[in-house]
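The chain contents come next:
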Amino acid sequence: MQTLTALFVGLGSIGTRHLNNLSTLCADRGWTLQADALRSDLTRPLRPGVAEKLHAQYTEAAQLPAHYDLIFITNPTSLHADALRAVYGRGGALFIEKPIFSAEQTRLNLADYLPAGQKAYVAAPMRWCGVMLALKDLLPTLHPYCARVICSSYLPDWRPGVDYRTVYSAHKALGGGVTIDLIHEWDYLVDLFGVPEALCNFKGTYSDLEIDSDDLSVYIARYPSLLAEVHLDYFGRGYRRSIELFCRDGSVVADFGTGTLTLPDGTVQHYEEDVNRRYEREMEYFVDYALGDAPASCNPPELALQVLQLTLGEK
C-alpha cells in the first residue's frame, strides 16, 4: 500500500477543505495518508474532525521531517513568503493557495523562495468547475471577438453571521479589496486567452459600504485578436459571476452562478454541481502532477505572479 506524506502550513477553512479532499482521494485510491501540520499556535482549536486526520503538529520548521511528498501553503496570503522560506527544499511538490503573494509582494524574486526545479502549483479552483471545463472544450470552435466578464456580489452576504466591517476584505491594510479578492477572474482569463498585450484598470471605493478597501475594479485588456472587459464589485445585490464571449456565430455565456453554458443558438447546457467538486478535481490533478502523472504545472508560480500583477493593474 502506498503512503503519501503531506504537510499543511495553515489549517483554516481552505486548508481544512484541502485536507479533507486529500484524505478522501487517498482512501479512494487505497493509499495511506500521513498528514502533518505546521501551525503558529497549537492551542487554537481546529475544525471538527481535523485533528483525527493529523499524524503530528509542529510549531517550528526546524522540528519538521526532512521531506514530504506534498506541502500545502494554506496560511494567510501575507505569510506565504515566510512559509515558503520555512519549507524550502522539503517538498516534492508544493500546492500554494491563491494569490501566491500579497499586493505588497509582487516584486519578490521567486528564486529566493523556490529551489531550482521545484514542482509547484498555485490554486486555481475555477479552472476545474464543470462549466469552465465545458467552455474550454468549446473554445477552439468559437472565434471570439471580445469577452465580457463580471463578478458582482454583496460583501455583507459573504460570511453569514459575521460583521463584514471586521473581515480582511473590508480593510486595505489587511490586504482586502475587490481587486485582489476576486483574482479568480484574471486567473481564468489568462488560462483561456493568455496574458494580454495591454491593460487599463480603474478602481476605488464608490458604494455606501463601511469599508476602506476598493469595492469596484474595472478593466479593459487588449489581446492580439480580441478585447476583454472585466467588472468586479462588492456591492451587487444578487450574485453574478459569468463570462460572455461575443463570437462570429453569436454569443456564448458561461454562468458560474447557475452552472449553465448558453450556446449561440440558445441551447442551454447544464453543469450544476456541488462547489466542492471543483476542489476535488483540482486535488486529483495536483496529486497526479506531484507523482509524475501530469507533465507540468498548469499554473506555475511564475504565471500566478503575473496574474497577481494583472489583477492589481500593474501590467
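S.K.: Give me the packing of helix H1 (residues 13-29) against helix H6 (residues 276-290): which residues, what numbers.
M.R.: At their nearest, the axes of H1 and H6 sit 10 Å apart, and the two run at 65° to each other. Here the hand of the crossing between H1 and H6 comes out right-handed. Touching Ile14, Arg17, His18, Asn21, Leu22, Leu25 and Arg29 of H1 are Asn276, Tyr279, Glu280, Glu282, Met283, Glu284, Val287 and Asp288, all from H6. The residue inventory of the contact of H1 with H6, partitioned by class, reads six nonpolar, three polar and six charged.

S.K.: Describe helix H5 (residues 184-193), listing the residues and the values that go with them.
M.R.: Residue pairs spaced three or four apart in an α-helix point in one direction, given the helix's 3.6 residues per turn. Of all 10 residues making up H5, eight are buried, and the element is well covered by its neighbours. Within H5, burial applies to His184, Glu185, Trp186, Asp187, Tyr188, Leu189, Val190 and Leu192. Gly194 lies just past H5 and shows a positive phi near 90°.

S.K.: Any chance you could break down the sheet that holds strand S5 (residues 91-96) for me, citing the residues and the numbers?
M.R.: Strand pairing in a sheet relies on backbone hydrogen bonds, with the paired strands running either antiparallel or parallel. Here we have six strands laid out as an open sheet, ordered S3-S2-S1-S4-S5-S6, and parallel in their pairing. What marks the edges here is a single partner per strand, and that holds for strand S3 (54-58) and strand S6 (119-122). Averaged over neighbouring strand pairs, the angle between their axes works out to 20° when direction is ignored. Summarising the sheet, S5 and S6 pair through four bridges and their orientation is parallel. Residue pairing for S6: Phe95 is matched across the bridge by Tyr121. Running at roughly 165° to S6, H6 makes contact with strand S1 (3-9), strand S4 (68-73), S5 and S6 of the sheet.

Reading guide: rules and limits
Residues numbered from 1 in each chain as written. Predicted model: local features only at pLDDT ≥ 70, side-chain atom pairs only at ≥ 80, totals over all residues. Heavy atoms only, no water. Axes fitted to C-alpha atoms, helices over the stretch in contact; angles between N-to-C directions. Helix = DSSP H or I, 4+ residues; strand = E, 2+ residues; numbered from the N terminus. Left-handed = near helix turned anticlockwise from the far one by under 90°. Contact = heavy atoms within 4.5 Å. Nonpolar A, V, L, I, M, F, W, Y, C, P; charged D, E, K, R; others polar. Buried < 20%, exposed > 50% of the residue type's maximum accessible area, 1.4 Å probe, protein only. Pairing = 2+ DSSP bridges.

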